Amino acid sequence: MAPQQQAAILSLLEPKVTVTGPVPDGRRGGVPCTVRAWYAAAGLDVPAAMLSDDDWAKIAPLLPTGRTGTVRRSVDALFHKVRTGKSWRDVIKETGATHRASKHFSAWT
């Protein structure tokens, strides 16, 4: 059926659409959050808040060193992204991380 015919039929039917289910998170293109998808696929629990100093002390030796606090802010930003599903741009604004946060995630995965 040609698009013109489809349009003519739809105009006769006057369809109404009701969206049910979760509210879209504003991501462009409908692409799911890759960080959230990785956590779901790995079956891992995401920390409910930023890492405590004790938690950070446990994982810091496993991670590369960077400028003071950069890697830790990246890790906290990554967890924030998984919890919220927000874009990297929004996560960086909210957490004070730098663009390195997304680069760290890409390298670590």
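Just so we're clear, the structure is a prediction, and the values are computed from it rather than from any experiment. (Residues numbered from 1 in each chain as written. Predicted model: local features only at pLDDT ≥ 70, side-chain atom pairs only at ≥ 80, totals over all residues. Heavy atoms only, no water.)

1. Observations regarding the confidence of the model for the chain
- For the chain, per-residue confidence averages 77 on the pLDDT scale, and 80% of positions sit at 70 or higher.
- Element-level pLDDT for the chain is lowest in helix α1 (residues 3–13), with a mean of 75, against a maximum mean of 88 in helix α5 (residues 88–95). (pLDDT = per-residue confidence, 0-100. Helix = DSSP H or I, 4+ residues; strand = E, 2+ residues; numbered from the N terminus.)

2. Quick look at the pattern of salt bridges
- Throughout the structure, instances matching the rule amount to two salt bridges.
- Between aspartate 53 and arginine 72 there is a salt bridge whose closest N-O contact spans 3.0 Å. Of this pair, aspartate 53 sits in helix α3 (residues 53–59) while arginine 72 sits in helix α4 (residues 70–84), and the two are 19 residues apart along the sequence.
- Aspartate 53 gets classed as exposed once you look at its relative accessible area, which sits at 57%. (Salt bridge = Lys/Arg side-chain N within 4 Å of Asp/Glu carboxyl O. Buried < 20%, exposed > 50% of the residue type's maximum accessible area, 1.4 Å probe, protein only.)

3. A short note on the packing of α4 against α5
- Running from N to C, α4 and α5 cross one another at 125°; their axes reach a closest spacing of 10 Å. As the angle between them shows, α4 and α5 are arranged oblique. The element α4 and its partner α5 pack so that their crossing is right-handed. Across from Ala77, Leu78, His80 and Lys81 in α4, the residues of α5 making contact are Trp88, Val91, Glu94 and Thr95.
- Residues belonging to the contact of α4 with α5 are distributed by class as follows: four nonpolar, two polar and two charged. (Axes fitted to C-alpha atoms, helices over the stretch in contact; angles between N-to-C directions. Parallel < 35°, antiparallel > 145°, perpendicular 65-115°, else oblique. Left-handed = near helix turned anticlockwise from the far one by under 90°. Contact = heavy atoms within 4.5 Å. Nonpolar A, V, L, I, M, F, W, Y, C, P; charged D, E, K, R; others polar.)

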